[in-house]
Amino acid sequence: LRRMQYYFWDPDLVTKYFDVRNGMLGGDYSTKVGPWLAAGCLSPRTIYHEVKKYEAQRIANKSTYWIVFELLCRDYFRFYAVRHGSLIFQSGGPAGVRVSWRDDPELWQRWATGKTGMPLVDANMRELAATGWMSNRGRQNVASHLALDLGVDWRRGADLFEHLLLDYDVASNWGNWVAAAGMTGGRINHFNITKQSKDYDPQGEYIRHWIPELSSIPAPQVHEPW
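Predicted model only: the values in this text are computed from it and were never measured.

Peer 1: Before we go on, may I ask you to explain helix H11 (residues 193-200) in this structure?
Peer 2: Every α-helix carries 3.6 residues per turn, so stepping three or four residues along brings you back to the same face. Among the residues of H11, Ile193, Thr194, Gln196 and Ser197 are the ones counted as buried. Buried residues in H11, looked at end-on, bunch into an arc of 160°, giving them a common side. Residues of H11 that are buried sit in contact with helix H7 (119-131), helix H8 (136-149) and helix H12 (205-210). Two to three positions downstream of the cap, the backbone nitrogen of Thr194 sits 3.3 Å from a side-chain oxygen, assigning the N-cap of H11 to Asn192.

Shown next, in the form of structure tokens:
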């Protein structure tokens, strides 16, 4: 509740959410209430009503709308899990896609420990290991890289997230992973990691923060240090 009070009312951070929601560095680019939601200490309805209270008393804008939209996405994955059941844990997902995943222990270890050589992926994986947190933008990128670039079974990534994330939630975690791996039958978002890095960390501050080996490399070279 203190976090919600701070984010909504004290410095009015909620009004800027839409513009900064793809951030990766710092504490205020997102609400950061996920861990309390996942643990059942805070309900989605409480957050929804706080948004509506804020809109009534201060301002309603794209940012307040988007926070409610994120809650709806959370609900979506619950209904998705109910609809598809154990299929969200299967290699081919609900779509039943047949893929021959690479069984490469060294490749997996490099991804899991943040030593792939792709700065954005490595920075995010190191943040996860150190803090139990990763931004939404980061989660999409590291998942895409593991499944679609490296060809490693996406379930290994989902399992690692289950063990490390402070805000781990069964439906949201496995639903997002099965989608990132292209196993839903819908659109496949295959991310260009270098472009994502330049778009969402243009000055390389996030990368240099988590990868000290690159601390002296300026942008834009930090995105492609090879």
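Peer 1: What is the right way to look at the packing of aromatic side chains in this model?
Peer 2: Applying the stated criterion across every chain, the model contains 14 aromatic pairs. Residues Tyr65 and Phe69 carry aromatic rings whose centres are separated by 6.4 Å and whose planes lie at 25° to one another, so their mutual orientation is stacked. Taken together, the positions of Tyr65 and Phe69, both in helix H5 (residues 62-84) and 4 residues apart, correspond to about one turn of that helix. Aromatic rings pair up to connect Tyr7, Phe8, Trp9 and Tyr54 into one cluster.

Peer 1: Explain helix H1 (residues 2-9) here, please?
Peer 2: For H1, the complete set of buried residues consists of Arg3, Met4, Tyr7, Phe8 and Trp9. Lining the buried residues of H1 we find helix H2 (17-20), helix H3 (34-39), helix H4 (44-57) and H5.

Peer 1: Can you help me understand the layout of surface pockets in this one?
Peer 2: Using a probe with the size of a water molecule, rolled over the atoms, empty space left in the structure can be pinpointed. By volume, the largest pocket is sized at about 1,600 Å³. Contributing to the lining of the largest pocket are 48 residues, with Glu70, Cys73, Phe77, Asn136 and Asn176 lying nearest its centre. Mapped by element, the contributors of at least two residues to the lining of the largest pocket are H3, H5, H8 and helix H10 (170-180). Broken down by element, the lining of the largest pocket gets its largest block of residues, 10 residues, from H5.

Peer 1: Could you clarify how one ought to interpret the pattern of salt bridges in this entry?
Peer 2: A side chain with one charge may pair with a side chain of the opposite charge, provided their charged atoms come close. Counting across every chain of the model gives 10 salt bridges. For Arg78, the salt bridge goes to Asp169, with nearest N and O atoms at 2.3 Å. On the criterion of sequence distance, the pair formed by Arg78 in helix H5 and Asp169 in the loop between helix H9 (154-164) and H10 is long-range, its members being 91 residues apart. The class for Asp169 is buried, based on a relative accessible area of 16%.

What counts and how
Residues numbered from 1 in each chain as written. Predicted model: local features only at pLDDT ≥ 70, side-chain atom pairs only at ≥ 80, totals over all residues. Heavy atoms only, no water. Buried < 20%, exposed > 50% of the residue type's maximum accessible area, 1.4 Å probe, protein only. Helix = DSSP H or I, 4+ residues; strand = E, 2+ residues; numbered from the N terminus. Arc of directions from axis to C-beta. Contact = heavy atoms within 4.5 Å. Polar contact = N/O pair within 3.5 Å; in protein donor to acceptor, adjacent residues only side chain to side chain. Phe/Tyr/Trp six-rings, centres within 6.5 Å; stacked < 30°, edge-to-face > 60°. 1 Å grid on protein atoms, 1.4 Å probe; cavity = no way out; pocket = protein on both sides within 12 Å on 5 of 7 lines; lining within 4 Å. Points joined across faces, edges and corners; volume = space filled by probe spheres on them. Salt bridge = Lys/Arg side-chain N within 4 Å of Asp/Glu carboxyl O.

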